[in-house]
Amino acid sequence: MSISLKVRGAIERSSWIRRMFEEGAALIAEYGAENVYDFTLGNPSVEPPAAFRRELRRMAEKPDLGMHRYMNNAGYEETRASVARHIEETSGVPVNSKHIVMTCGAGGALNVTLKTILNPGEEVIILTPFFVEYKFYADNHGGTTKEVWTNPETFQPDIAAIEAAITHNTRAIIINSPNNPTGAVYSAETLTALGRMLDRKQGELGSTIYTISDEPYARLAFDGNRVPPVFRYIRNAVLVTSHSKDLALPGERIGYLAANPSMDNVALFMEGAVFCNRVLGFVNAPALMQRLVAKLQSESVDVTEYQEKRDILYNHLTGLGFEVVKPGGGFYFFPKSPMDDDVEFVRQAQKHNILLVPGSGFGAPGYFRIAYCVEMGIIERSLPAWEKLAKDIGLA
Ligand code: PLP
């Protein structure tokens, strides 16, 4: 046996994802990509904003001397200052470049943060349904996860349930808004209640409990709403995010972490994060992308396109009798599975060339996820297939 037992176990436990992926690829080979409705991947269908290409071209034509060299592990001062300005403008909380580390995406920022704060065996609370990588990321740094269900009527965090889960061993809680997989946007009331409860518990326990706010979908909020800025509500908050979704650059691996300036011992946290960015082997976030996003902090992909897709699918699915909490942002639905066994439901959907992910993959059996970040044509062509599926399983 050559590789780590833990990694082998993780691969085996997630082998059904690979199987589904292979079955999906076989359907595409048989029917053609335009006749298979692949809602499995959170890969943006839209292209980066025009300003991105403009800046890229300008940099290629007029390169700065030394622009491909190593820099400070935290990232370029100019980029961090630009990110800090954006956070300050959107939150009203004074932040500066000292509070920012540029990272390899939100995934990199999560790993850097968890490595910075976790002692072996300490707990990270995650909210069900959750982005499954959180479990692996906590484990990467010797931590364990404790799952706490959100309110299933709204998918908002259940503050009393989180409070009941907190112990002396709790080091952090990860929140994610707009949420993957539910699309829920946490309200200002929820964040206020969470912040107050955490302040009280930290006082009682005499410890610091970090709130890691994972926000790669923060600029994808619908109906003219804005995602409430976490720093306004939660003192010991670390914002982790990326430009994977808002600038549609997931392959470029560019993101950042930001510490709330009012956090306990913030300078030490930042020193730790810069060190961890280095020793995790990231060293620094990609130089070219840092230079670009410094100029693009007020840019975003067109949110109305996602909102339109949400509306078409939401109206169609609810019309057919599916139970869905209407998402306030992001690009996912997390409907109730009309069959008890969500894996079996996903198999039934596959018979109609609709590819989905079972809720079990997010710690929430009995649900399924639709990633609607696909071409509008796919959504439109899928509508009759949803109808047939609903009839087939006796829903409509
Ligand atoms: N967090 C959530 C909730 C996500 O959905 C994703 C990606 O899909 C990430 C983090 C990772 O983002 P990135 O590509 O920026 O590492």
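Residues numbered from 1 in each chain as written. Predicted model: local features only at pLDDT ≥ 70, side-chain atom pairs only at ≥ 80, totals over all residues. Heavy atoms only, no water.

## Structural notes on the nonpolar core
Okay, so step 1: Membership of the largest hydrophobic core comes to 49 residues, with the highest contact counts inside it found for Ile100, Ile162, Ile175, Leu194 and Phe231.
Okay, so step 2: Broken down by element, the residue count for this core peaks at five residues, all from helix 8 (residues 188-205).
Okay, so step 3: Contact partners of leucine 194, with chain neighbours within four places excluded, come to Ile159, Ile162, Ile173, Ile175 and Ile234.
Okay, so step 4: Ranked by size, the runner-up nonpolar core spans 38 residues in total, among them Tyr37, Leu220, Phe322 and Tyr332. (Core = buried A, V, L, I, M, F, W, Y, C linked by side-chain atoms within 4.5 Å. Buried < 20%, exposed > 50% of the residue type's maximum accessible area, 1.4 Å probe, protein only. Helix = DSSP H or I, 4+ residues; strand = E, 2+ residues; numbered from the N terminus. Contact = heavy atoms within 4.5 Å.)

## Considerations on the domain arrangement of the chain
Okay, so step 1: For the chain, the assigned domains are domain 1 (5-48 + 301-392) and domain 2 (51-294).
Okay, so step 2: Here domain 1 and domain 2 have C-alpha centroids that lie 27 Å from each other.
Okay, so step 3: Tallying the contact residues gives 29 residues for domain 1 and 33 residues for domain 2.
Okay, so step 4: Both sides of the domain 1 and domain 2 interface together cover about 2500 Å² of buried area, and 62% of this is carbon and sulfur. (Domains from an automatic or database assignment. Buried area = accessible area lost by both parts, 1.4 Å probe.)

## What about the pairing of strand 6 (residues 210-214)?
Okay, so step 1: Along strand 6, five of the five residues are buried, which leaves the element largely enclosed by surrounding structure.
Okay, so step 2: Of the two faces of strand 6, both are covered, the one formed by Tyr210, Ile212 and Asp214 as well as the one formed by Thr211 and Ser213.
Okay, so step 3: As judged from the five bridges shared by strand 5 (residues 170-176) and strand 6, these two strands associate in the parallel manner. By the bridge assignment for strand 6, isoleucine 173 is matched with threonine 211.
Okay, so step 4: Handedness of the crossover joining strand 5 and strand 6 through helix 8 is recorded here as right-handed.
Okay, so step 5: Judged from the four bridges that link them, strand 6 and strand 7 (residues 237-242) form a sheet pairing that is parallel. Bridge assignment links isoleucine 212 to a residue of strand 7, and that residue is valine 238. (Pairing = 2+ DSSP bridges. Right-handed = clockwise from strand over helix to strand, strands pointing away.)

## Some details on the pattern of salt bridges
Okay, so step 1: The final tally for this structure, using the stated rule, is 20 salt bridges.
Okay, so step 2: Between arginine 80 and glutamate 77 there is a salt bridge, with its nearest N and O atoms 3.7 Å apart. Within this pair, arginine 80 and its partner glutamate 77 are both found in helix 4 (residues 77-91), separated by three residues, close to a single helical turn.
Okay, so step 3: Classification of arginine 80 by relative accessible area gives buried; the value is 9%.
Okay, so step 4: Classification of glutamate 77 as partly exposed rests on a relative accessible area of 46%.
Okay, so step 5: What you see here is one network of salt bridges that share partners, running through Asp199, Arg235 and Asp264. (Salt bridge = Lys/Arg side-chain N within 4 Å of Asp/Glu carboxyl O.)

## Observations concerning the pairing of strand 3 (residues 123-128)
Okay, so step 1: Of all six residues in strand 3, six are buried; the element is thus mostly enclosed.
Okay, so step 2: As judged from the six bridges shared by strand 3 and strand 4 (residues 144-149), these two strands associate in the parallel manner. Across the sheet, the residue bridging to valine 124 is threonine 145, located in strand 4.
Okay, so step 3: For the handedness criterion, the β-α-β arrangement of strand 3, helix 6 (residues 133-140) and strand 4 is classed as right-handed.

## Here's the deal with the site of the ligand
Okay, so step 1: Neighbouring residues of the ligand: 14 residues in total, closest Asn180, Asp214, Tyr217, Ser242 and Arg253.
Okay, so step 2: Here an oxygen atom of the ligand sits 2.8 Å away from a polar atom, N or O, in the main chain of alanine 106.
Okay, so step 3: Here an oxygen atom of the ligand and a backbone polar atom of glycine 107 are 2.8 Å apart.
Okay, so step 4: Relative to its unbound accessible area of 390 Å², the ligand is 90% covered by the protein chains.
Okay, so step 5: If you tally residues by element for the shell around the ligand, the top one is helix 5 (residues 105-117), at three residues. (Near = heavy atom within 4 Å. Polar contact = N/O pair within 3.5 Å; in protein donor to acceptor, adjacent residues only side chain to side chain. Areas by Shrake-Rupley, 256 points an atom, 1.4 Å probe, with all protein chains shown as cover.)

## Observations regarding the packing of aromatic side chains
Okay, so step 1: Counted under the stated rule, the structure contains 18 aromatic pairs.
Okay, so step 2: When the ring of phenylalanine 322 is compared with that of tryptophan 386, the centres are 5.8 Å apart and the planes differ by 85°; the resulting orientation is edge-to-face. You can see phenylalanine 322 sitting in the loop between helix 11 (303-319) and strand 9 (332-333) and its partner tryptophan 386 sitting in helix 13 (residues 376-392), a full 64 residues away along the chain.
Okay, so step 3: By relative accessible area, phenylalanine 322 is classed as buried at 4%.
Okay, so step 4: Judged by its relative accessible area of 0%, tryptophan 386 falls in the buried class.
Okay, so step 5: Centre to centre, the rings of phenylalanine 334 and tyrosine 367 are 5.1 Å apart; their planes meet at 5°, and the pair counts as stacked. Of the two residues, phenylalanine 334 is situated in the loop between strand 9 and helix 12 (342-350) and tyrosine 367 in the loop between strand 11 (357-358) and strand 12 (368-371); the sequence distance between them amounts to 33 residues.
Okay, so step 6: Using a relative accessible area of 2% as the deciding quantity, one classes phenylalanine 334 as buried. (Phe/Tyr/Trp six-rings, centres within 6.5 Å; stacked < 30°, edge-to-face > 60°.)

## Examining the sheet that holds strand 9
Okay, so step 1: The three strands are arranged 9-12-11 in an open sheet whose pairing can be described as antiparallel. Whereas interior strands pair on both sides, the edge strands pair on one side only; in this sheet they are strand 9 and strand 11.

## Brief notes about the packing of helix 11 against helix 13
Okay, so step 1: At a minimum axis distance of 11 Å, the contact between helix 11 and helix 13 shows a crossing angle of 5°. Judged by the angle between their axes, helix 11 and helix 13 are roughly parallel. Taken together, the residues of helix 13 that come into contact with helix 11 (itself represented by Glu308, Lys309, Ile312, Leu313, His316 and Leu317) are Met376, Ile379, Leu383, Trp386 and Glu387.
Okay, so step 2: Residue classes in the contact of helix 11 with helix 13 are distributed as seven nonpolar, one polar and three charged. (Axes fitted to C-alpha atoms, helices over the stretch in contact; angles between N-to-C directions. Parallel < 35°, antiparallel > 145°, perpendicular 65-115°, else oblique. Nonpolar A, V, L, I, M, F, W, Y, C, P; charged D, E, K, R; others polar.)

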